[in-house]
Number of protein chains: 2
Amino acid sequence: MSVLIVGSTALDSIKTPTAENPRLLGGSASHAAVAASFFSPVKLIGVVGDDFPREYISLYKRHKIDLSGLQMVPGKTFHWSGEYEVNMNNRRTLLTELGVFEKFTPHLPDAHKSAQFVLLANIAPALQHHVLDQMTKPKFVAADTMDLWLNIALDDLLRLLPRVDCFVLNDGEAHQLTKEDNLFVAMKKIHKLGPKYVIIKKGSHGSILSGPRGHFICPAYPLHDVCDPTGAGDSFVGGMMGYLATARGTIENNFRRAMVYGSVVASYCCEGFGLNRTTKVKRADIAKRVKELEKLTRF
Amino acid sequence: MSVLIVGSTALDSIKTPTAENPRLLGGSASHAAVAASFFSPVKLIGVVGDDFPREYISLYKRHKIDLSGLQMVPGKTFHWSGEYEVNMNNRRTLLTELGVFEKFTPHLPDAHKSAQFVLLANIAPALQHHVLDQMTKPKFVAADTMDLWLNIALDDLLRLLPRVDCFVLNDGEAHQLTKEDNLFVAMKKIHKLGPKYVIIKKGSHGSILSGPRGHFICPAYPLHDVCDPTGAGDSFVGGMMGYLATARGTIENNFRRAMVYGSVVASYCCEGFGLNRTTKVKRADIAKRVKELEKLTRF
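Remember, predicted model here, so these are calculated numbers, not experimental data. (Residues numbered from 1 in each chain as written. Chains lettered and ligands numbered in written order. Predicted model: local features only at pLDDT ≥ 70, side-chain atom pairs only at ≥ 80, totals over all residues. Heavy atoms only, no water.)

*Asks:* Let's hear about the sheet that holds strand S3 (residues 20-26) of chain B: which residues, and what values?
*Replies:* Residue and element names in this part refer to chain B. Ordered by their spatial adjacency, four strands build an open sheet running S3-S2-S6-S7, and the pairing between neighbours is mixed. Strand pairing shows two members of the sheet lacking a second neighbour, S3 and strand S7 (91-97), which therefore form its edges. For this sheet, the mean angle separating the axes of adjacent strands, direction not counted, is 20 degrees. Strand direction decides the pairing type here: strand S2 (residues 10-15) and strand S6 (residues 79-84), joined by five bridges, are parallel. Counted as the bridge partner of Ser13 is Ser81 from S6. Strands S2 and S3 of the sheet are contacted by helix H2 (residues 54-62), whose axis makes an angle of about 50 degrees with S3. (Pairing = 2+ DSSP bridges. Helix = DSSP H or I, 4+ residues; strand = E, 2+ residues; numbered from the N terminus. Axes fitted to C-alpha atoms, helices over the stretch in contact; angles between N-to-C directions. Contact = heavy atoms within 4.5 Å.)

Structure below.
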């Protein structure tokens, strides 16, 4: 089955201590869509301006991403610019130009409305609602978010949580949302807000799941060289949803492996600027790292 | 086989946001010895003053810890006092009274000199050297440390590393020692300083091993209530060494399970003040959490 993905489609200008890369293909939906495309067909919902490079359209197409829900309108594509510190953990935003994103209203082509797997990648919660409102009866909905929405759109987000099966956020956001330092207590509190599956991402420390079958401690793949972590979280959840959409058997049975596959795609994402490394990955490379992670965690 | 453990034997006064506990049994050697005692006989090397509570001697004895290397001298027992912040991650030292520890020189009873498994728990590197100098030919030596020694006794520590098989430190210390942010690169650098096994502890994120068979990602047991993390790292390495000393088969074959057993003892340590919880644990409780960790990480 295919995955419907809504989120930001952007141009990212990224500065690290060693390099600077302007106007890379970025945005939560781009990262998630490419990640999911290794496992399942993807339908992308987003908006770009008339300055959007043609090569990025070709990139989406090479990954067989259905672009019938991607709006192309006059104006500038959403542009984000950020800088990482030496340790690659802290980043600061240098610039945010919303461009055509400011007036974006996602419209679903009719053929998209019956999609069974939906990923509401990081975007304003109001737009995540708007996508769900247009759908008939999805089988599994996952939502990601960011600190910004906890700050300026908390009510929308809290109304969204009962509508999703899985909510994904990072440790800092979990603390911000629940005021809890203990992540396991935080997950309990988030379940009470609606989602059956809660995933907390911890960057290089991996992620943890709280779900119907209890907890799962999902490892991160050991990286000796982190080039650019932008989009790693989106790649994680995108890869996970792509895997879930096509794996045989129940969602519950496949969930842990889906997270590990997502974790591996995220590891590739970190090894290059933007999508540079991810787009060069083969399905066999992913399978190899999954096998390695199995060995790295067995005792 | 038994484990010889040298380290601090102290009285800890610990303050957390919710409670205050004066003069608990503490010190790296106390925590490590009790942890190791679940798996193997322990020979303790340390010093206490004449104010050392008799009940703590009884506690050691209940854990069948050999005290013939524990010096009891006139004066005050080493006393440490610290306070944890709300998130239980940051702590600050309120008071350090070295007492009889100031002039401590570890003397090994003859029967101890041929011990095969040696844990140089956190203590001045000069004293760790002094213990090794008295030994005939130990089979496996592990050393722990703390930021203080990296600051004031780095040369002693660097001379120690080629003498140990396994070096254990936390992520902050690994960064301090190697100036590396990436833990996997840091471990590579530490191997070059001598040890065949390098373990980096990451608190609630577990620990990672770099050894002859590559890496191992060791999970931390999920805790919903961390009461007092003092001594968790010592419990981890103590439990690990106790397990290694008695497990059948080669050290390499047993190493991962040993870390997991250590991780579980550390989880119990965090659930009570000082050694309050650890001393109530049964071997079967430990086995149960090890089984749970197996399930929590399988995919």
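Continuing now.
*Asks:* Tell me about the relation of the copies chain B and chain A, and name the residues and values.
*Replies:* By a simple turn and slide, chain B fits onto chain A: the slide is 0.0 Å along the axis, the RMSD is 0.0 Å, and the turn is 180 degrees. Expressed as a symmetry operation, the mapping of one chain copy onto the other fits a two-fold axis. In terms of C-alpha distance to the rotation axis, chain B has His205(B) as its closest residue, with the C-alpha 3.1 Å off the axis. Of the residues that chain B buries at the interface, 100% are likewise interface residues in chain A, meaning the two copies contact each other through the same surface. (Least-squares fit on C-alpha atoms with pLDDT ≥ 70 in both.)

*Asks:* Go over the pairing of strand S11 (residues 197-201) of chain B, please, and point to the residues and values.
*Replies:* Residue and element names in this part refer to chain B. Taking burial as the measure, the five residues of S11 include five buried ones, the bulk of the element. Of the two faces of S11, both are covered, the one formed by Tyr197, Ile199 and Lys201 as well as the one formed by Val198 and Ile200. Sheet topology note: the strand S10 (residues 166-170)/S11 ladder contains five bridges and is parallel. Considered in S11, the bridge of Asn170 is made with Lys201. By the bridge criterion, four bridges tie S11 to strand S12 (residues 207-211) in an arrangement that is antiparallel. Across the sheet, the residue bridging to Ile200 is Ile208, located in S12. Counting the residues between successive antiparallel strands, the hairpin from S11 to S12 contains five residues, one of them, Gly203, with a positive phi of roughly 60 degrees. (Buried < 20%, exposed > 50% of the residue type's maximum accessible area, 1.4 Å probe, protein only.)

*Asks:* If you had to explain helix H7 (residues 183-192) of chain B to someone new, which residues and values would you point to?
*Replies:* Residue and element names in this part refer to chain B. Those residues of H7 lying buried are Leu183, Phe184, Val185, Ala186, Met187 and Ile190. Contacts made by the buried residues of H7 are with S10, helix H6 (171-178), S11, S12 and strand S13 (214-218). Its side-chain oxygen at 2.8 Å from the backbone nitrogen of Phe184, Asn182 defines the N-terminal cap of H7. Just downstream of H7, Gly194 is the residue with a positive phi angle, here 145 degrees. (Polar contact = N/O pair within 3.5 Å; in protein donor to acceptor, adjacent residues only side chain to side chain.)

*Asks:* Give me the lowdown on the interface of chain B and chain A, citing residues and values where you can.
*Replies:* Size of an interface, as often reported, equals the accessible area lost when the parts are brought together. On the side of chain A, 30 residues touch chain B, which itself brings 30 residues to the contact. Between chain B and chain A, the buried area comes to about 2,600 Å², and carbon and sulfur atoms account for 63% of it. Interface area lost by chain B to chain A is led by Ile217(B), His224(B) and Phe299(B), which between them contribute 30%. Counting every contact that joins chain B to chain A gives zero salt bridges. Among the secondary structure elements, those contributing two or more residues to the side of chain B that touches chain A are H7, S13, helix H9 (251-270) and helix H10 (283-297) of chain B. Class assignment for the residues of the side of chain B that touches chain A results in 14 nonpolar, seven polar and nine charged. (Buried area = accessible area lost by both parts, 1.4 Å probe. Salt bridge = Lys/Arg side-chain N within 4 Å of Asp/Glu carboxyl O. Nonpolar A, V, L, I, M, F, W, Y, C, P; charged D, E, K, R; others polar.)

*Asks:* So what's going on with the packing of aromatic side chains? Which residues, and what values?
*Replies:* Residues and elements named next belong to chain A. On inspection of all chains with the given rule, the structure shows 26 aromatic pairs over all chains. For the ring pair Phe39 and Tyr243, a centre distance of 6.1 Å and an interplane angle of 80 degrees mean the geometry is edge-to-face. Residue Phe39 is found in the loop between helix H1 (28-37) and strand S4 (42-48), and its partner Tyr243 is found in helix H8 (residues 232-246); the two are separated by 204 residues along the sequence. On the basis of relative accessible area, Tyr243 is assigned to the buried category, the value being 12%. Between the aromatic rings of Phe140 and Tyr197, the centroid separation amounts to 5.7 Å while the plane-to-plane angle is 70 degrees, which identifies the pairing as edge-to-face. On the criterion of sequence distance, the pair formed by Phe140 in strand S9 (residues 140-144) and Tyr197 in strand S11 (residues 197-201) is long-range, its members being 57 residues apart. Residues Phe140 and Tyr197 agree in their burial class; the two are buried. Lying over the aromatic face of Tyr268, Arg289 brings its terminal NZ or CZ to 3.9 Å of the ring centre. (Phe/Tyr/Trp six-rings, centres within 6.5 Å; stacked < 30°, edge-to-face > 60°. Lys NZ or Arg CZ within 6 Å of the ring centre and 35° of its normal.)

All we've got here are geometric facts, nothing functional implied.
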